[in-house]
Amino acid sequence: MTTAQLAGSTAVVTGASRGFGKAIASALVQAGAQVTGVARDGARLEGVRAELGTGFTPVAADAADPVVAGHVIDQYQPRLLVLAAGAAPLSRPLHQQTWQSFSRVWEVDVQQVFHWTREALLRPLAPGSAVIAFSSGAALFGSPLSGGYAGAKATIRFITQYAADESQRGGLGIRFVAVLPQLTPETELGAAAVAAYAAREGMDVPSFLATRGLSLTPEQAGKAVLDLAVGTGHGAYLLAAAGLKELQ
Ligand SMILES: NC(=O)c1ccc[n+]([C@@H]2O[C@H](COP(=O)([O-])OP(=O)(O)OC[C@H]3O[C@@H](n4cnc5c(N)ncnc54)[C@H](OP(=O)(O)O)[C@@H]3O)[C@@H](O)[C@H]2O)c1
């Protein structure tokens, strides 16, 4: 998809009420796309619409619900689908998790990516469309205070690979991309995790962050997704403050 094709096209962004998803919706609206944003908190989504204007359409719904995925894809037929909704894991060590807390990110993030990816292939989305799913750097490095988070995010990367294979086998022309952001305190989800890892190291948050270099901002995530949307890349990309790095 070219920049000109993105302008005037329809995009769906899950997790659009705050954090990375909101910044991605903002970047896409500024690029001229008509963005449908999905999250559960309708009041917060209305706030995003007040900020972004008529280029943003809020849909208050659970992104992990398969009926929502089918309905939104049928109604909006997006050229670009960005799966950025994610559950905040309970920040505790393994033995302080229950099975329910350990598996929460599987129930939300993995289910979401499974259902929306499946709908994108089944419909199918138009040739030249792209599906960008949020995995995490934790998929490579682990995440010992986040229960099943790292494994769930690794599975999201696998799902995008499998879907890319099916797209190629079926000649569908849909690109599937996984983004693996580094941990950042700049979103609600990231701030809770940073606080937990800092406490585990016996450090305050500023001292902990000083050991990690520059933090990725939501605006940088928005720009990175815009670059991926108008590019031709596929596969998986690490995302840090320094930008995107393709993974082999
Ligand atoms: N921040 C980081 O450090 C970091 C690092 C690596 C990967 N990631 C990943 O990046 C993605 C975005 O994270 P973030 O940091 O921007 O988190 P965030 O600020 O906590 O935002 C999460 C978004 O997801 C939505 N959401 C959560 N559960 C949902 C559901 N069931 N249905 C619909 N929407 C739902 C939330 O809205 P509602 O609560 O209103 O539904 C919110 O809009 C996540 O997949 C996360 O795992 C984040």
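What comes next concerns the included structure. (Residues numbered from 1 in each chain as written. Predicted model: local features only at pLDDT ≥ 70, side-chain atom pairs only at ≥ 80, totals over all residues. Heavy atoms only, no water.)

### Comments concerning the overall build of the protein chain
Then, number 1: Summing up its helical and strand segments, the protein chain has 11 helices and 8 strands in all.
Then, number 2: Here the protein chain has a C-alpha radius of gyration of 17 Å; the compact-globule value for 248 residues is 18 Å, and the two agree.
Then, number 3: If one aligns the C-alpha atoms of the protein chain with their principal axes, the spans along those axes are about 50 × 40 × 35 Å.
Then, number 4: The buried share among the 248 residues of the protein chain stands at 48%. (Helix = DSSP H or I, 4+ residues; strand = E, 2+ residues; numbered from the N terminus. Rg over C-alpha atoms; globule rule 2.2 N^0.38 Å. Buried < 20%, exposed > 50% of the residue type's maximum accessible area, 1.4 Å probe, protein only.)

### Side note on helix α8 (residues 149-169)
Since the α-helix advances by 3.6 residues per turn, residues separated by three or four positions end up pointing in the same direction.
Then, number 1: When the terminal C-alpha atoms of α8 are compared, their 30 Å separation across 21 residues agrees well with the 30 Å that a helix rising 1.5 Å per residue should span.
Then, number 2: Of the residues trailing α8, G171 is marked for its positive phi of about 60°. (Expected span 1.5 Å × (residues − 1).)

### Some details on the site of the ligand
Then, number 1: Not every one of the 30 residues close to the ligand is listed here, only the nearest: S17, F20, R40, A63 and T187.
Then, number 2: In isolation the ligand has 880 Å² of accessible area, and contact with the protein removes 97% of it.
Then, number 3: Secondary-structure elements contributing two or more residues to the shell around the ligand are α2 (19-30), α6 (104-122), α8 and α9 (188-200).
Then, number 4: The element best represented in the shell around the ligand is α9, accounting for 3 residues. (Near = heavy atom within 4 Å. Areas by Shrake-Rupley, 256 points an atom, 1.4 Å probe, with all protein chains shown as cover.)

### Details of α2
Then, number 1: When the terminal C-alpha atoms of α2 are compared, their 17 Å separation across 12 residues agrees well with the 16 Å that a helix rising 1.5 Å per residue should span.
Then, number 2: Residues F20, G21, A23, I24, A25, S26, A27, L28 and V29 constitute the buried set of α2.
Then, number 3: Once α2 finishes, G32 follows within two positions and takes phi at roughly 100°, a positive value.

### What about the sheet that holds strand β1 (residues 10-14)?
Then, number 1: Taken in spatial order, the 8 strands of this open sheet run β3-β2-β1-β4-β5-β6-β7-β8, and their pairing is mixed. Edge positions in the sheet fall to β3 (56-60) and β8 (243-247), since each of these pairs with one other strand and no more. For this sheet, the mean inter-axis angle between neighbouring strands, taken without regard to orientation, is 20°.
Then, number 2: Looking at chain direction, strand β5 (residues 130-134) and strand β6 (residues 175-181) are connected through 5 bridges and run parallel. Looking at β6, one finds that A130 is bridged to R175.
Then, number 3: The strands touched by α2 are β1, β2 (34-39), β3, β4 (80-83), β5 and β6; relative to β1, the strand with the most contacts, the crossing angle is about 165°.
Then, number 4: Contacting β5, β6, β7 (235-240) and β8, α8 runs over the sheet at an angle of about 165° to β6. (Pairing = 2+ DSSP bridges. Axes fitted to C-alpha atoms, helices over the stretch in contact; angles between N-to-C directions. Contact = heavy atoms within 4.5 Å.)

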